[in-house]
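# Coordinate inspection notes
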Amino acid sequence: MTDSRPIADHLTPGAISHSSADWQHLWTLDSTVTFLNHGSFGACPLPVLAAQQQWRERMERQPLQFLGRDLEGLLDTARRELAVFVGANANDLAFIPNATTGINAVLRSLKFQPGDELLTTNHEYNACRNALDYVAEQVGLQVVVANVPFPIAASEQVVTAVLAQVSPKTRLALLDHVTSQTGLVFPIAQLVQELSDRGIDTLVDGAHAPGMVALNLQALGATYYTGNCHKWLCAPKGSAFLYVQPDRQSHIRPLTISHGANSPRRDRSRFHLEFDWMGTPDPTPYLCVPEAIRCLGSLLPGGWSQLMTHNRELALAARQLLCQALDQPLPCPNDMIGSLAVVPLPDGDWQALQNALWEQYSIEVPIIPWLTPGSRQIRISAQLYNQLNQYKYLAKALLELFSQEST
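Throughout this document, residue positions are counted from 1 along each chain, in the order its sequence is written. Where totals are concerned, whole chains, interfaces and linings use all residues; where local detail is concerned, this predicted model gives features only for residues with pLDDT of at least 70, and gives and counts side-chain atom pairs only at 80 or more. Only hydrogens and water are set aside; all other atoms, that is, all heavy atoms of the structure, feed into the side-chain values.

With that settled, the discussion passes to the layout of surface pockets. Over the atoms rolls a probe the size of a water molecule, and its path tells where empty space is left. Roughly 510 Å³ of internal volume is contained in the largest pocket. If you go around the largest pocket, you meet 28 residues; those closest to its centre are Ser-40, Tyr-125, Ser-180, Lys-231 and Arg-379. Each helix corresponds to a stretch of at least 4 residues labelled H or I by DSSP, and each strand to a stretch of at least 2 residues labelled E; elements are numbered beginning at the N terminus. Secondary structure elements with two or more residues in the lining of the largest pocket: α2 (38-41), α5 (99-109), α14 (350-361) and β11 (367-369). Note that Gly is not counted as nonpolar here; it falls among the polar residues with everything else outside the nonpolar set of Ala, Val, Leu, Ile, Met, Phe, Trp, Tyr, Cys and Pro and the charged set of Asp, Glu, Lys and Arg. A breakdown of the residues in the lining of the largest pocket according to their chemical character gives twelve nonpolar, eleven polar and five charged. For the second largest pocket, the calculated volume is near 250 Å³. Residues are said to line a cavity or pocket when one of their atoms sits within 4 Å of a point; the points come from a 1 Å grid over protein atoms alone, cavities being sets where a 1.4 Å probe fits but cannot get out and pockets being open sets with protein on both sides within 12 Å along at least five of seven lines. Lining the second largest pocket are 16 residues, and of these Glu-72, Arg-265, Leu-273, Asp-276 and Trp-277 sit closest to its centre. Contributions of two or more residues to the lining of the second largest pocket are made by α4 (63-86) and α10 (270-275). With seven residues, α4 is the largest single contributor of residues to the lining of the second largest pocket. Grid points are joined across faces, edges and corners, and a volume is the space filled by probe spheres set on the points.

Next up, the structure:
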């Protein structure tokens, strides 16, 4: 899978036509830090933070008016704009603080029988795998893990690995759209279709997907889908959504049971009555989602499509640079990359390496242990404020640290 083409050959003409300096001023990121970890928590641009402050000021001027009378309508407006962005009906979306909450809400709402099987992969995000294990332990379920290889030669290997673990007892599949540990864009549409054809519901962990890849949730057909807005969409921390197909909404309850559980109202769905009020919130992250969509979508002439292409091409270029510098083959084909990319590293102490990158070079980037003791890999993110020179600096730092490890 090694690709010997020059880095420039990976770039779509015009895709990286702007200097990151054109956009760095929109973020408050510390200029003394080489920040290559947008994927973990995102970074919110100044115009969106300003909008959030305005919402907070309005809330604090008259809390009862804002929370008691205005909030439902404001959430509905924000939800409609998010629905257009992710290709869903607004009635099928609920705002939640993060994707892990969405995974938990679905898993802990569903009814299973002892002996039922829950299917996932070895790439599943640890927090969500913990939720899966918790539910399995409570009910007496079996968690079945499909081992998807990494490095990987083709996306078809994901489908083959998952379908090989399906059995008559499989009740639900929890699948990543974009994997956190390995940065792979799974062939989620094919997976959902294949599993649906076998009568198996799908819960898609789309934590990284909104703003990284184009979404059309209605066309995708997943039974449940949850995604973060604070990562690649660049909304404030604490903004995410849960999508539930209409015929399943009556069964899905929030983790916090509150007033909506016995509300006599008939003008709103039970789904929204429960999820929209789980106690006194700071709803401003949700209300800022439309501003984040508008803000990021206005930065390049081609809007969100060009922005996602730009970030993907930068991630591919940075990955190629690192693989060449470290003499590593490309671990997956280009068509499985979004704006995250993972490069395997020589075996060693992952924590010590991550600490050294931060303490000696002020580089913020995750080093991820993978499968076997001592195995480690590096995950880079590419956002509009990043530039190729930052990844060159990372490559230089890694080579120096590896040299120190060998002495």
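After that view, the rundown keeps rolling.
Consecutive residues of a regular strand have side chains that alternate between opposite faces of the sheet. Neither face of strand β2 (residues 93-96) is exposed, since Leu-93 and Phe-95 on one face and Ala-94 and Ile-96 on the opposite face are all buried. Where β2 lies against strand β8 (residues 240-244), four bridges are found, and the strand directions are antiparallel. Bridge pairing in β8 places Ile-96 opposite Ala-240. With a 1.4 Å probe rolled over the protein chains alone, any residue whose accessible area is under 20% of its type maximum counts as buried; one over 50% counts as exposed, and the rest are partly exposed. Following DSSP output, two strands are said to pair if at least two bridges run between them.

The next subject is the packing of α14 against helix α15 (residues 388-405). Axes here refer to lines fitted to C-alpha atoms; in helices the fit is confined to the stretch in contact. Angles between the N-to-C directions go from 0 to 180 degrees. At their nearest, the axes of α14 and α15 sit 11 Å apart, and the two run at 120° to each other. Handedness of the crossing formed by α14 with α15: right-handed. Contact with α14, carried on its side by Leu-353, Ala-356, Leu-357, Gln-360 and Tyr-361, involves Tyr-393, Leu-394, Ala-397, Leu-398, Glu-400, Leu-401, Phe-402, Gln-404 and Glu-405 of α15 and no other residues of that element. Residue composition of the contact of α14 with α15, by class: ten nonpolar, two polar and two charged. Put simply, a crossing is left-handed when the front helix is turned counterclockwise from the back one by less than a right angle, and right-handed when it is turned clockwise. For this analysis, residues touch if any pair of their heavy atoms sits within 4.5 Å.

Glancing now at the pattern of salt bridges. For this analysis, a salt bridge means a side-chain nitrogen from Lys or Arg found within 4 Å of a carboxyl oxygen belonging to Asp or Glu. All told, the structure shown has 20 salt bridges when counted by the stated rule. When the shortest N-O distance is used, the salt bridge between Asp-70 and Arg-58 registers 3.3 Å. Here Arg-58 lies in helix α3 (residues 46-61) and Asp-70 lies in helix α4, a separation of twelve residues in the sequence. Judged by relative accessible area, which is 32%, Arg-58 ranks as partly exposed.

Here we have seven strands laid out as an open sheet, ordered β2-β8-β7-β6-β5-β3-β4, and mixed in their pairing. Both outer strands of the open sheet, β2 and β4 (142-146), are each paired with one neighbouring strand and no more. If you compare each strand with its neighbour and ignore which way they point, the axes differ by 20° on average. Two strands pair when backbone bridges link them, and strand β7 (residues 224-228) and β8 are joined in this way by five bridges, in the antiparallel orientation.

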